[in-house]
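# A closer look at the structure
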Amino acid sequence: MIEVTNIHKSFGDNLVLDGIDAIFEPGKVSLIIGGSGSGKSTLLKCIVGLHQPNEGKVFFDKKEFTKMNFEEKVPIRKEIGMLFQNSALFDSMTVEQNIVFTLDMFTDMSKAEKIEQANFCLERVNLAGKNKLFPSELSGGMKKRVGIARAISMNPKYLFCDEPNSGLDPATSILIDELIQDLTEEYKCTTVVVTHDMNSVMGIGDYILFLYQGKKYWEGSNQDMLKSDNKELNDFVFASPLMKAARETLKIED
Ligand code: ADP
Ligand code: MG
């Protein structure tokens, strides 16, 4: 479980996060949604320690991460898997080297063990045998899957994904969402996904946190969302024809 309390983050005069509280449960995918520039990535970075919040606390399973020094954070960092917005693969390294690089940094596994682990993770994301390819030889969906394979290579207890579907076609997006959901259940990890994809919201949105003007404006499940009368949330969500149709279907069923 991850708990954040009263997170504030500013860049100069720009107050981006204005007191965010949230709890992310293990074995579940939690979504952070909101408009472009609403602070979703900033919140994720505050949680994993890439940004230091100006105020507020982050707890990983009751341990206060925000008050730890660099050394104290290392064991928790090892339990964090992260898929960055642009996959963030090293272009000069092969698929296998991209994964082995993480294991080099954080483990004392032998070379053979690292390659075995890389193979295991690649198989898990349906990329068995693609070890020697370079990122430039991969499609967008394959790059995301390598990013996911790298994120799970340390058997993470906490998994963070920033816009895992950006740039993907709808069918590939759904496969990525299902993979994230399956891995979350398999590893029983606490997973937090930043997205503005309404397919994801309807597909895997058990718990959704909506950010607006630096605040948590709304939280709940995708089913609650369809019935919500929160204006800002509705303006955001029902700008999507898909979501409008979902709401209409619900009204007909009532
Ligand atoms: P989102 O992920 O929701 O699109 P971000 O968290 O990336 O939004 O950005 C929220 C706001 O914070 C934006 O106004 C952005 O310009 C600002 N911001 C984000 N990162 C930085 C940074 N490293 N330095 C200065 N401003 C930043
Ligand atoms: Mg972002």
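Our focus in this paragraph is the sheet that holds strand S1 (residues 2–11). Read from one edge of the open sheet, four strands run S2-S1-S4-S5, paired in antiparallel fashion. Each end of this open sheet is capped by a strand with a single partner; those strands are strand S2 (14–24) and strand S5 (63–64). Of the strand pairs in this sheet, strand S4 (residues 55–60) and S5 are connected by two bridges, and their pairing is antiparallel. When the sheet's bridge partners are listed, Phe-59 is paired in S5 with Glu-64. Across the face of the sheet, helix H1 (residues 40–48) comes into contact with S1, S2 and S4 while running at roughly 120° to S1.

Time to look at the site of ligand 1. Around ligand 1, the structure places Phe-11, Asn-14, Val-16, Gly-35, Ser-36, Gly-37, Ser-38, Gly-39, Lys-40, Ser-41 and Thr-42. Taking Ser-41, its side chain carries an N or O atom lying 2.9 Å from an oxygen atom of ligand 1. Separating an oxygen atom of ligand 1 from a side-chain N or O atom of Thr-42 is a distance of 2.5 Å. Protein contacts shield 58% of the accessible area of ligand 1, which totals 560 Å² for the unbound molecule. Elements represented by at least two residues in the shell around ligand 1 include exactly S2 and H1. With three residues, the top contributor of residues to the shell around ligand 1 is H1. Per-class residue counts for the shell around ligand 1 are two nonpolar, eight polar and one charged.

On to a negative patch on the surface, then. Together, Glu-178, Asp-182, Glu-185 and Asp-206 give the surface a local cluster of negative charge. Mapping Asp-206 onto the fold places it in the loop between helix H7 (198–204) and strand S9 (207–212). By relative accessible area, which is 44% here, Asp-206 ends up partly exposed.

Right, let's get into the packing of aromatic side chains. Per the counting criterion, the structure on display carries seven aromatic pairs. Arranged with centres 4.9 Å apart and planes meeting at 65°, the rings of Phe-90 and Phe-101 form a pair that is edge-to-face. Highlighted residues: Phe-90 in the loop between strand S6 (80–83) and helix H3 (95–106) and Phe-101 in helix H3, separated in sequence by 11 residues. Accessibility expressed as a relative area gives 33% for Phe-90, which makes it partly exposed. For Phe-101, a relative accessible area of 30% corresponds to the partly exposed category. Plain terms: the ring middles of Tyr-212 and Tyr-217 are 4.8 Å apart, the flat faces sit at 70° to each other, and that makes the pair edge-to-face.

Most often, soluble globular proteins keep nonpolar side chains buried together rather than apart. Counting residues in hydrophobic clusters, the biggest one holds 45 residues, and the most contacted among them are Leu-31, Ile-33, Ile-148, Val-201, Met-225, Val-237 and Met-243. Once residues lying within four places of it in the same chain are set aside, the contact partners of Leu-31 are Val-193, Thr-195, Ser-200, Val-201, Ile-204, Gly-205, Tyr-207, Ile-208 and Leu-209. With 28 residues, the next largest nonpolar core counts Ile-2, Ala-22, Val-58 and Leu-209 among its residues.

It is worth spelling out H1 at this point. Summarising burial for H1: seven of the nine residues are buried, a large majority. Three or more residues of H1 are buried, namely Lys-40, Thr-42, Leu-43, Leu-44, Cys-46, Ile-47 and Val-48. Immediately beyond the C-terminal end of H1, within one or two residues, lies Gly-49, with a positive phi of roughly 90°.

This next bit is on unusual backbone geometry. A positive phi angle is found at Asn-6, which is not glycine, with a value near 55°. Considering the arrangement of structural elements, one finds Asn-6 in strand S1. A positive phi angle is found at Lys-62, which is not glycine, with a value near 75°. Its place among the elements puts Lys-62 in the loop between S4 and S5. A residue is classified by how much of its surface remains accessible, and Lys-62, at 65% relative accessible area, is exposed.

Our focus in this paragraph is the domain arrangement of the protein chain. The assigned domain composition of the protein chain is domain 1 (2–79 + 157–253) and domain 2 (91–155). The centre of domain 1, based on its C-alpha atoms, is set 25 Å off from the matching centre of domain 2. Across the contact, 15 residues belong to domain 1 and 13 residues belong to domain 2. Carbon and sulfur atoms supply 69% of the area buried between domain 1 and domain 2, which totals about 1,200 Å² over both sides. Considering only the side of domain 1, the residues that lose the most area to domain 2 are Lys-78, Leu-179 and Tyr-187, jointly responsible for 42% of the buried surface there. Scanning the region where domain 1 abuts domain 2 turns up one salt bridge. Here Glu-186 and Arg-124 are joined by a salt bridge, their closest N and O atoms 2.6 Å apart. At the junction of domain 1 with domain 2, the criterion picks out three residue pairs in polar contact (both at pLDDT 80 or more). Ranked by residue count, the leading element in the side of domain 1 that touches domain 2 is helix H6 (residues 170–187), at eight residues. Residue composition of the side of domain 1 that touches domain 2, by class: eight nonpolar, two polar and five charged.

Rules of the game
Residues numbered from 1 in each chain as written. Chains lettered and ligands numbered in written order. Predicted model: local features only at pLDDT ≥ 70, side-chain atom pairs only at ≥ 80, totals over all residues. Heavy atoms only, no water. Pairing = 2+ DSSP bridges. Helix = DSSP H or I, 4+ residues; strand = E, 2+ residues; numbered from the N terminus. Contact = heavy atoms within 4.5 Å. Axes fitted to C-alpha atoms, helices over the stretch in contact; angles between N-to-C directions. Near = heavy atom within 4 Å. Polar contact = N/O pair within 3.5 Å; in protein donor to acceptor, adjacent residues only side chain to side chain. Areas by Shrake-Rupley, 256 points an atom, 1.4 Å probe, with all protein chains shown as cover. Nonpolar A, V, L, I, M, F, W, Y, C, P; charged D, E, K, R; others polar. Patch = residues over 30% accessible without salt bridge, like charges linked within 9 Å, V, L, I, M, F, W, Y side chains within 5 Å. Salt bridge = Lys/Arg side-chain N within 4 Å of Asp/Glu carboxyl O. Lys, Arg positive; Asp, Glu negative; His and termini not counted. Charge placed at Lys NZ, Arg CZ, Asp CG, Glu CD. Buried < 20%, exposed > 50% of the residue type's maximum accessible area, 1.4 Å probe, protein only. Phe/Tyr/Trp six-rings, centres within 6.5 Å; stacked < 30°, edge-to-face > 60°. Core = buried A, V, L, I, M, F, W, Y, C linked by side-chain atoms within 4.5 Å. Domains from an automatic or database assignment. Buried area = accessible area lost by both parts, 1.4 Å probe.

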